[in-house]
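What follows is each chain in one-letter form.
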Amino acid sequence: MRYHNITKDDMLNGDGLRVVLWVAGCSHGCKGCQNPMTWDPEGGLPFGEEDKAELFEQLDKSYIEGITFSGGDPLHENNVKEITVLAKEIREKYPDKTIWGFSGFTYEELTSDGTHPRCEVTDEMLSLLDVLVDGRFVEELKDLTLRFRGSSNQRLIDLNASRQAGCLCFLPDRPRGGR
């Protein structure tokens, strides 16, 4: 897995103060994407033990709510296996921290049997996430008032509530800056 950046004390990519891992690799090519430099799966830097230690150093801080995986696309075929291993380790080491993931793939694409991008670790990865922000960015649906996403087709899926309810549940859509 390769990555572009680790953002510390981030408030734009999930609830509370977070650490964000921006991975390399995205096959969506969304027009108007704010991170086109992350599309190339060979871009960025190799993610290694020092980088993981940097993430864990941030997660050790009591005021950090959790981690967000973004990019690029954490569920891109070049990322999903290593992200799943990392998320599992984070869940075990920091059970009270939340794990958010952004993906241009929809929940339905990720959970449909026999279709790309689903693979042998997709279900495990989704089981480790608290929130999935899904869907491709659509420039014509761009809305800067939305929380944690750029276009109105993207969804904030509360995966914990969804697992309990047996159907998709969404986080309330408060405007950015709203309480």
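Predicted model only: the values in this text are computed from it and were never measured.

Colleague: Can you help me understand the overall build of the protein chain in this one?
Modeller: Along the backbone of the protein chain there are five helices and seven strands. When its helices and strands are written in sequence order, the protein chain yields β-β-β-α-β-α-β-α-α-β-β-α. Dimensions of the protein chain along its principal axes, counting C-alpha atoms only, are 40 × 35 × 30 Å. Taken over 179 residues, the protein chain has a buried fraction of 46%. Roughly 9,000 Å² of accessible area belongs to the protein chain as shown, and the carbon and sulfur atoms make up 51% of that amount. Charged side chains of the protein chain number 21 positive and 31 negative; the gap between the two group centres comes to 4 Å.

Colleague: I'm lost on the side chain of threonine 122 in this one. Help?
Modeller: With respect to the helices and strands, the residue threonine 122 is situated in helix α4 (residues 122-128). Threonine 122 gets classed as buried once you look at its relative accessible area, which sits at 3%. In contact with threonine 122, not counting residues within four places along its chain, are Leu110 and Pro117.

Colleague: Just checking my understanding: could you explain the pairing of strand β6 (residues 131-134) for this structure?
Modeller: A regular strand carries its side chains on alternate faces of the sheet. Burial of β6 is two-sided: the residues Val131 and Val133 facing one way and the residues Leu132 and Asp134 facing the other way are all buried. Sheet topology note: the strand β5 (residues 98-103)/β6 ladder contains four bridges and is parallel. Bridge pairing links glycine 101 to leucine 132 in β6. As judged from the four bridges shared by β6 and strand β7 (residues 155-158), these two strands associate in the antiparallel manner. Paired with aspartate 134 across the two strands is arginine 155, which belongs to β7.

Colleague: How should I be thinking about the side chain of asparagine 35 in this particular structure?
Modeller: By the element assignment, asparagine 35 lies in the loop between β2 (18-23) and β3 (45-46). In terms of polar contacts, asparagine 35 uses its side chain to reach the backbone carbonyl oxygen of glycine 71, at 3.2 Å. Excluding residues that lie within four positions of it along the chain, asparagine 35 makes contacts with Trp22 and Gly71.

Colleague: Before we go on, may I ask you to explain the environment of glycine 150 in this structure?
Modeller: With respect to the helices and strands, glycine 150 occurs in the loop between β6 and β7. Along the sequence, glycine 150 and valine 138 sit 12 residues apart, while their C-alpha atoms lie 8.1 Å from each other. Each residue touching glycine 150, except ones within four places of it in the same chain, is listed here: Phe137, Leu141, Lys142 and Asp143.

Colleague: In this structure, what is going on with unusual backbone geometry? I would like to understand it.
Modeller: Residues apart from glycine generally show negative phi values, whereas peptide bonds are mostly found in trans. One non-glycine residue with positive phi stands out, namely aspartate 9, at about 55 degrees. With respect to the element layout, aspartate 9 can be found in strand β1 (residues 2-10). Phi is positive for phenylalanine 148, close to 60 degrees, though the residue is something other than glycine. By the secondary structure assignment, phenylalanine 148 is in the loop between β6 and β7.

Colleague: How should I be thinking about the pattern of salt bridges in this particular structure?
Modeller: If the charged atoms of two oppositely charged side chains come close together, the side chains can form a pair. Taken as a whole and judged by the stated rule, the model has 14 salt bridges. Of the charged contacts in the structure, one is a salt bridge between glutamate 54 and lysine 8, with a shortest N-O distance of 2.9 Å. Note that glutamate 54 is positioned in helix α1 (residues 49-59) and lysine 8 in strand β1, a separation of 46 residues in sequence. The exposure class of glutamate 54 is partly exposed, given its relative accessible area of 25%. Of the residues examined, lysine 8 reaches a relative accessible area of 39% and is grouped as partly exposed. A salt bridge links glutamate 89 to lysine 52; the shortest N-O distance between them is 2.9 Å. A residue pair is termed long-range when its members are at least 10 positions apart, and glutamate 89 in helix α2 (residues 80-93) and lysine 52 in helix α1 qualify at 37 residues. Lysine 52 gets classed as buried once you look at its relative accessible area, which sits at 17%.

Cut-offs applied
Residues numbered from 1 in each chain as written. Predicted model: local features only at pLDDT ≥ 70, side-chain atom pairs only at ≥ 80, totals over all residues. Heavy atoms only, no water. Helix = DSSP H or I, 4+ residues; strand = E, 2+ residues; numbered from the N terminus. Buried < 20%, exposed > 50% of the residue type's maximum accessible area, 1.4 Å probe, protein only. Areas by Shrake-Rupley, 256 points an atom, 1.4 Å probe, with all protein chains shown as cover. Lys, Arg positive; Asp, Glu negative; His and termini not counted. Charge placed at Lys NZ, Arg CZ, Asp CG, Glu CD. Contact = heavy atoms within 4.5 Å. Pairing = 2+ DSSP bridges. Polar contact = N/O pair within 3.5 Å; in protein donor to acceptor, adjacent residues only side chain to side chain. Salt bridge = Lys/Arg side-chain N within 4 Å of Asp/Glu carboxyl O.

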